[in-house]
Each structure stands twice: as C-alpha cells, then as structure tokens.
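Architecture at a glance
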Amino acid sequence: MKRLLLTSWKWVDDRLGISDLIGPSMKHLVPHDAGWWYVFGSATMVALIVQVVTGVALAFSYVSSSSQAYETLVFITRDAPFGSFLRGLHYFGASAMVLMVGAHMAQTFLFGSYKYPREMNWATGVLLLGFTLVMGFTGQLLRWDQNATWSVVVAAEQAGRVPLIGDWLARFILGGNSIGGATLSRFFAIHVFIIPALIFAFVALHLRLVLRHGISEPPTAGKPVDPKTYRKEYNDLIKRTGHPFFPDGAWRDFVFGTGLIIAIVLLALFVGPPALDKPPDPSVLQADPRPDWYLLWYFAVLALIPPKIEGYVMILAPAVIGMLLLLGPLLNNRGERAPSRRPWSIAVVLISVLTIGSLWIAGSRSPWSPNFNPVPLTPEIIGTTNGPVFHGAQLFQSKACLNCHLIQGHGGRRGPDLTYIASILAKDNMTIRIVNGGVNMPAFGATLKPEEITDLVAFLESRKRP
Amino acid sequence: MLGVPLVGFVVAPLFRKMPDSWIPVGKISDFEIGKTVNVPFPDPSPLPWAGITAKGAAWLRRESDDRFTAFSINCTHMGCPVRWLQDAELFMCPCHGGVYYKDGTVAAGPPPKPLIRYEVRISNGKVEIKSAAIPITTKL
C-alpha cells in the first residue's frame, strides 16, 4: 500500500511539478535568528485560510438577496447544523486577521524591514491591510440586519462628503436612492468576489517578494542599510548562517498558527457569533447602529472630531495616512534598522496603539450617545415622594434630561454627571442653563413652563454632596 | 468594447431616477395636532427582491388643522435614524448624539444642518408625502 502511494505520488509530482514549484519556497534560506517576532505574517495567512474555508461553507446557505439574506442568517444561526459555530469561526477569524495584520505591520515597522530592498513588500502589505478592513466592514453588512442597513447609510453619508463625486459615490453604495434590492447584492459582490480576488493577487505578490528579497534578518544596532552593499551582505549572511525555512523556520509558524486556530475555535464555541440585530426594515427607527469592534475606534473618531473639520478628517485623513504608509519606505529606505537607533519608530507604534486603543474604549462606551432606556430614578434616589423635588425628578425623566445626564449611576453619559450638581452650580446658573441651553445641550425655555423650571431646579438643588 | 457595458451595468443605480410620486401615509384624522409620529411608507419603486427593505419612513408633525410638516428620519450628521421623544419635544440621534428641536433645527451635537423636510400635501382627506431619496446632506 505504502509503495503504491509513493509510486502514485511520484507520478503525480513528475507530471505536475509540485515539488519543483513548492520545494524552493520551502527550502529557501532564512536568517537563523528569525524568532517568534516573525510569526505574524504566516498567522495572518492562517486566519485568511480560515476565512476562505468558513466563508465558502457559509455561502452554501446564504442567499444574497435583500428579501432573504436575514432569514438565511437566522436559519444558519439557529437551525443549520454547526451554523452558529461556523459564523463564530468566520467572525473570530476576521478578528484574528485584523489583529495579525496589525501585529505583522508593527513588527515590520519596528524592525525597519520595510527598508531597501523590501519597499514593495511593505506597500503590498499596506494594501492588504486596507483590503482586510474593507472585508471586515462589508462582512458586517452581509449580516443584513438592522445594524447593517443603517451602517450602509452611514457609509453613504461619509462617501457623500467627497468633493464633486460624493453624491454619486453615496448612490453607488446605496445601490440607488435608498436602501433596497440593489444594496446588499453589491456588497456581496465586493465581499465575495472583488476584494478576495485582490487579496489573493496581492498575497501572491507579497509572498513572491518575500522569496525574492528574503526574510529580513533581525536588526543590529550600528549596521545601517546601504542600498549599494545590502544585497551582497544579506546574501553572504544567509549563505553563511541561514537555515532552510522548512523545518527550521516553519515550526514556529506552525505552532503559532495552530494556537491561533485553537483560539478561534474556542472563541467560536464559547463566545459564539455576533448576535443578529432586528430585521432590516428601514421604517423601524428603534435602531442603534454600531460597527464591529475593529472599526469602533473610527466610530469614536466621527463623534469626537470637531464638526467644523470632520469632513476634512473623514476624507483627507485616510488619504494622507494611506499615502504616508505607502510612500514612507520610499522616502526612508536606508539607514539604521534597529529600534534602539530609531526611537521615533517605537513612539509611532506606541502612539498608534494608545490612540486606537483609547478611541476603541471610547467607541465601546460611546458616552456621546443618549441613553434611550435609562433606569428610572427610584424614590430612594429622589429622596421624597411628593412636592417640588419629586415633581422636578419626574420632569427630569420625562423631558429627557435623564437620557443624557447621570444621577447616582442612572441615566446617560452624554452630558455632565449631575449627581452632586448643587455642590458646584448655583440655583440661578441652573435656571439659565436649562432655559438657554449650553454647550452641547438643548434650550428648554420654549418647552418648559415657569413652574416646571422651578420644580426642576428644586430637584437639582437637592443633589448635594453629603 | 467590454468595459462600457460592464461599468454601465455596475453603476446603473446611480442613474435610477426617483419616481415623482406622492405617497399616502394616512387620513388627516389619524394625526393629532401638536404630535409628531413615525409614518412608514412603501418604497415607490422597489426592485422585486427588495422584500422588507422596500420601505421608508418619515417623522410627520401635525401643526394645525391643515398644516403638516414631514421630516427625514436621517440625522444630517451621518444618516442614522433619529428618534422622537414626545414629552421632551426633541429628536435624538443614537449614533453620535445629535439633537434637534421639534421644528427640525439643530439643538445640540454634531449635526451641521436641520433635519431635511419632505414635501407634504393633503389630497382627498389623506396626508401624502412626496417620495425622496435618502438625503446625502453634508458636503465637504
């Protein structure tokens, strides 16, 4: 049996040339000291494979029709054998891919591996990061629940800010003048055909470039990259001390990739896929659109940038960041690679991580959004069950003050916490603020009667620090 | 030769015109003076497979016996669906905290413009709203 298999394999390999095709790639020499820092690229590839396999499986039941997609998602999640697990794998696979791309990029940047002759390795990687984020966003839309449909509108509104062609772009995203039959199918085409084709092409090019230029050696302080001598130095080093990628270098990739798959499987099993929102009925307005976690930071950006410049930030910032990432290696392709000699590179990575992390936390809490379902104030919090203070507390709730302000942990966070407002604001100032409004607060002078304002102020005056 | 039909097919929705139609949303007597309500209505030109998405909605306010105001449900900041809080007489946006007064003017938050208004008319005792595209409101 073994002999038959071996003979068969030799026949197939001879006719198809598999060993000739893959062999040189597997045996190519890699730096002997390329350690665990180098696993993130292959881990991204592992996550991509998980996405392809689970995506194809999900496509067996998913119907990309505006009228049926939601029902098929419900079927996949609730009724199809392993459907919920598969959705979980696809979701956490996407999350892993975003994380691994980020880690791979940070490592490449810190090690100065983008420098000569690997500028195009970096550039293709930057494009792959962009494609990955587009896949994440369009994937969220394919859930085709209420959150997805409103996210399409948000995307169209942003595209609408592009000068000259904004309205066209917005209509292209919507698939017409409104959400409808043409909307989902275009995102399906983008998510399943267009972007995957680009990803496959650029992954192939990226890998080709990795083989062409070799895996960069870990940086050494005091050994700058000089384009005139680098190739010879690298080739000499690799010939002298390099190890074949398989098995000497590949085992770490295998171990880390396996660990990543196990993590994705465990998360899919025990956390499960993201819950489906309500059906995609655009006439139901009880919606609370939020992006998936990997774009929550951008959701925060849209809330926190000053309105006067937000259009410029929305359009110009991605363009500038993209250009900087793409052109950076061309403008800085020589010199020291070691992070110790490039402390600014550590600062860039740290600031990027801290900025995105802080925005992510802000986005997940979204304190700028009103709380539409605040827990009512209890008699214990109000401190009385009758009189002006009690009536003021009722007004505080019915007039939507509680939607934006906290009182002892009840309410929203859009405005200041008013738990002890009487300790910091005088009665007259409270009245002025309520009647005229304030920074980011509506004026209630036209909607509240004078006696209602008196009662509301009486309630707020009772909010003193003990 | 191949590019023209290919691109033309993909971008065709850009050139799909909104039909110039009036959509009935209820009888006059269905609406109370001073109240603002959500009025759902069917998409005037849905594709056959649009299903549940072939719908739209507006906020309709009856100002007097024969005067109505219809607002777009889309926040002028990012297009999210604003909600009406009757007692507070405010529209609030769940996404980035935009707030509008009952006449649609901006009360607080990032929206750069008042809520878009739709044309409304009364015909044969029925309130009708003129069909309109999702407003792409904010330009750079």
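Scroll up to find the structure this text is about.
Residues numbered from 1 in each chain as written. Chains lettered and ligands numbered in written order. Predicted model: local features only at pLDDT ≥ 70, side-chain atom pairs only at ≥ 80, totals over all residues. Heavy atoms only, no water.

**As for the interface of chain A and chain B**
At the junction of the two partners, chain A supplies 64 residues and chain B supplies 55 residues. Of the roughly 5000 Å² buried at the junction of chain A and chain B (both faces included), carbon and sulfur atoms supply 64%. Considering only the surface of chain A that becomes buried against chain B, E157(A), L285(A) and F372(A) emerge as the three largest contributors, covering 14% of it. At the boundary of chain A and chain B, one finds one salt bridge. The salt bridge partner of K55(B) is D281(A), with a shortest N-O separation of 2.9 Å. At the boundary of chain A with chain B, the tally comes to 19 residue pairs in polar contact (both at pLDDT 80 or more). Where the side of chain A that touches chain B is concerned, the elements lending two or more residues are α7 (146–159), α8 (166–174), α9 (181–213), α12 (296–304), α13 (307–331) and α17 (401–404) of chain A. For the side of chain A that touches chain B, the class distribution of residues is 34 nonpolar, 19 polar and eleven charged. (Contact = heavy atoms within 4.5 Å. Buried area = accessible area lost by both parts, 1.4 Å probe. Salt bridge = Lys/Arg side-chain N within 4 Å of Asp/Glu carboxyl O. Polar contact = N/O pair within 3.5 Å; in protein donor to acceptor, adjacent residues only side chain to side chain. Helix = DSSP H or I, 4+ residues; strand = E, 2+ residues; numbered from the N terminus. Nonpolar A, V, L, I, M, F, W, Y, C, P; charged D, E, K, R; others polar.)

**Some points on the state of the cysteines**
Within this structure, the stated rule accounts for one disulfide over all chains. Across the disulfide from C80(B) sits C95(B); the S-S distance is 2.0 Å. Between C80(B) and C95(B) the disulfide shows an S-S torsion of about -85 degrees. By sign, it is left-handed. With C80(B) in the loop between β4 (68–72) and β5 (83–85) and C95(B) in the loop between β6 (90–92) and β7 (99–101), the pair connects residues that are 15 residues apart, well separated along the chain. This pair shows no difference in class: C80(B) is buried, exactly as C95(B) is. In this structure C401(A) is not part of a disulfide, and its nearest cysteine sulfur, from C404(A), lies 8.4 Å away. The thiol of C93(B) is not disulfide-bonded; the next cysteine sulfur, from C75(B), is found 3.9 Å away. (Disulfide = S-S within 2.5 Å. Buried < 20%, exposed > 50% of the residue type's maximum accessible area, 1.4 Å probe, protein only.)

By themselves these figures say nothing about function.
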